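A closer look at the structure
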Amino acid sequence: MFKNNLNINNVTEIRCKSTVYFGCGAINKINDIAEQLISQGIKSVLIISGRRAYRSTGAWDVIEPALVSRNIKFEIYDKVTPNPSTAQIDEATTLGKSISAAAVIAIGGGSPIDTAKSVAILLKDTQFNAAELYEMKFTPSGAVPIVAVNLTHGTGTEADRFAVATILEKEYKPAIAYDCIYPTWSIDDPALMTGLSKEQTRYVSIDAVNHCIEAATSKAASPFSISLAREAIALVAQYLPVAEKDPQNLEARYYLLYASMLAGISFDNGLLHYTHALEHPLSAVKPELTHGLGLAMLVPAVVHSIYPVQGGVLADILSPIVPGLSGDASEAVTAASGLEKWLADCGVPRKLEDEGFSENDIDRLVELAFTTPSLGGLLSLAPNDATPDTVRSIYTNSLRFFSR
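Below you will find a few notes about this structure. Please read all numbers here as calculations on a predicted model, not as lab measurements. (Residues numbered from 1 in each chain as written. Predicted model: local features only at pLDDT ≥ 70, side-chain atom pairs only at ≥ 80, totals over all residues. Heavy atoms only, no water.)

Now for the nonpolar core. Judged by nonpolar contacts, the single largest core of 84 residues is most densely connected at I213, Y274, L278, V303, L339, W342 and Y395. Among the elements that take part in this core, helix α11 (residues 291-317) stands out by supplying 14 residues, more than any other. Residue contacts for Y274: discarding those within four places in its chain leaves E214, V302, S305, I306, L379, A382, N384, D385, A386, T390, V391 and I394. (Core = buried A, V, L, I, M, F, W, Y, C linked by side-chain atoms within 4.5 Å. Buried < 20%, exposed > 50% of the residue type's maximum accessible area, 1.4 Å probe, protein only. Helix = DSSP H or I, 4+ residues; strand = E, 2+ residues; numbered from the N terminus. Contact = heavy atoms within 4.5 Å.)

Given below as structure tokens:
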């Protein structure tokens, strides 16, 4: 069990490629950030968010006065949805151009922050659109400064260089990764997250666990990515049940948020492979599918597939949620079943069949996994041979529970 005497109300600076203000009350650091914007000559910013959370969490009650008092002009694009589309990115970019926005402030979880990262590029490379960005038709020359006010403890995108968007017309959901989209400043304030529903709390935390599993077992894994993964999974195992029982528990939110950030830095270093590469086609075909749920339905089959070559690492990092594994290749089904049980105990007892997928969808999903821009790069990092047959097997094994 994780124990220390840290004061969760002490706001600290965590320096990775981004500067993350972390702790209860970190939202007030927006005043320091606004001063930095002014010092850089930035007088106009675009706010990017979903419809409600930026107001309902109380974040806007602090951000708006910080901007108004310094005469920083702003417009709000609040139409970002889960699994944001390139059309939304283009619409937000047009709004940003209309006010000559020289920075973007994202308020939300992964979707608003990823949208803001994309817009930040297109405000610099103004001749391109979002589809061209996500189909890798140009290499960004840079991006305007990004401020990420994070409202969930799952993606870790406030501390990494990745963004994701869906090209609806092609059923593509690619990822991009560029150093220019590390947020310049990020705010991780657990007090903004007590309003997350139990379902959201589960899904975002499961996203963090998936980042850990992939980053610790990819071909790019390092002792650093594995160490971060081990710590993050242990924290989720300890504090997710506490947050579900008492959503207002700030200590639980603090450590789930810390776990999420660690997981984000872990995959920024160790990168990702199967689970995210195979989830993107799921939510490209069904944009209403929650990302964390898609990952939860796939990850046991991913663990089953890679356990023979990464059993030692998996037995280690999964020990808080699937105890008793030795790492022997013969445990692949045991590990997958144990992970399914943990997910079910967390309130996510669903598989692809429960979400309307069937054997008839497998061929299309496999095709998208190999044809969607960027996903081939993820598959190339898998610890075993990511052939179409391997991918097909993971999708097929995700249709229903191993224990059935």
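Enumeration over the complete set of coordinates arrives at 8 aromatic pairs. Relative to Y258, the ring of F22 has its centre 6.0 Å away and its plane inclined at 75 degrees; by these criteria the two rings are edge-to-face. Placement of F22 in strand β2 (residues 19-22) and of Y258 in helix α9 (residues 250-270) is noted, with a sequence separation of 236 residues between them. The class of F22 is buried, set by a relative accessible area of 1%. Under the relative-accessibility criterion, Y258 is labelled partly exposed at 25%. Residues W60 and F74 carry aromatic rings whose centres are separated by 5.4 Å and whose planes lie at 80 degrees to one another, so their mutual orientation is edge-to-face. Taken as a pair, W60 in helix α3 (residues 59-68) and F74 in strand β4 (residues 73-77) lie far apart in primary sequence, 14 residues in all. These aromatic residues form a ring-pair network of at least three members: F22, Y239, Y254, Y255 and Y258. Above the face of the F401 ring, K351 is positioned so that its terminal group lies 5.5 Å from the ring centre. (Phe/Tyr/Trp six-rings, centres within 6.5 Å; stacked < 30°, edge-to-face > 60°. Lys NZ or Arg CZ within 6 Å of the ring centre and 35° of its normal.)

With that settled, the discussion passes to α3. Taken together, the buried positions of α3 are A59, W60, I63, A66 and L67. Taken end-on, α3 shows its buried residues confined to a sector of 135 degrees, consistent with a single buried face. Tucked inside the fold, the buried residues of α3 contact α1 (30-39), β3 (44-49), α2 (53-56), β4, β5 (103-108) and β6 (146-150). (Arc of directions from axis to C-beta.)

With that settled, consider the environment of A344. With respect to the element layout, A344 can be found in helix α12 (residues 332-345). Separated by 266 residues in sequence, A344 and D78 place their C-alpha atoms 34 Å apart.

Once that is clear, we can look at the packing of helix α13 (residues 362-371) against helix α15 (residues 388-397). At their nearest, the axes of α13 and α15 sit 10 Å apart, and the two run at 130 degrees to each other. One finds that α13 runs oblique with respect to α15. Regarding α13 and α15, the two cross each other, and that crossing is right-handed. In this structure, α13 uses I362, D363, L365, V366, A369 and F370 to contact α15, whose residues at the interface are P388, V391, R392, Y395 and T396. Looking at the contact of α13 with α15, its residues break down into 8 nonpolar, 1 polar and 2 charged. (Axes fitted to C-alpha atoms, helices over the stretch in contact; angles between N-to-C directions. Parallel < 35°, antiparallel > 145°, perpendicular 65-115°, else oblique. Left-handed = near helix turned anticlockwise from the far one by under 90°. Nonpolar A, V, L, I, M, F, W, Y, C, P; charged D, E, K, R; others polar.)

In space, the 7 strands of this open sheet follow the order β1-β2-β9-β6-β5-β3-β4, with mixed pairing throughout. In this open sheet, the two edge strands, each paired with only one partner strand, are β1 (12-15) and β4. Going across the sheet, the axis of each strand differs from the next one's by a mean of 20 degrees, ignoring polarity. Here β6 pairs with strand β9 (residues 185-188) via 4 bridges, running parallel. (Pairing = 2+ DSSP bridges.)

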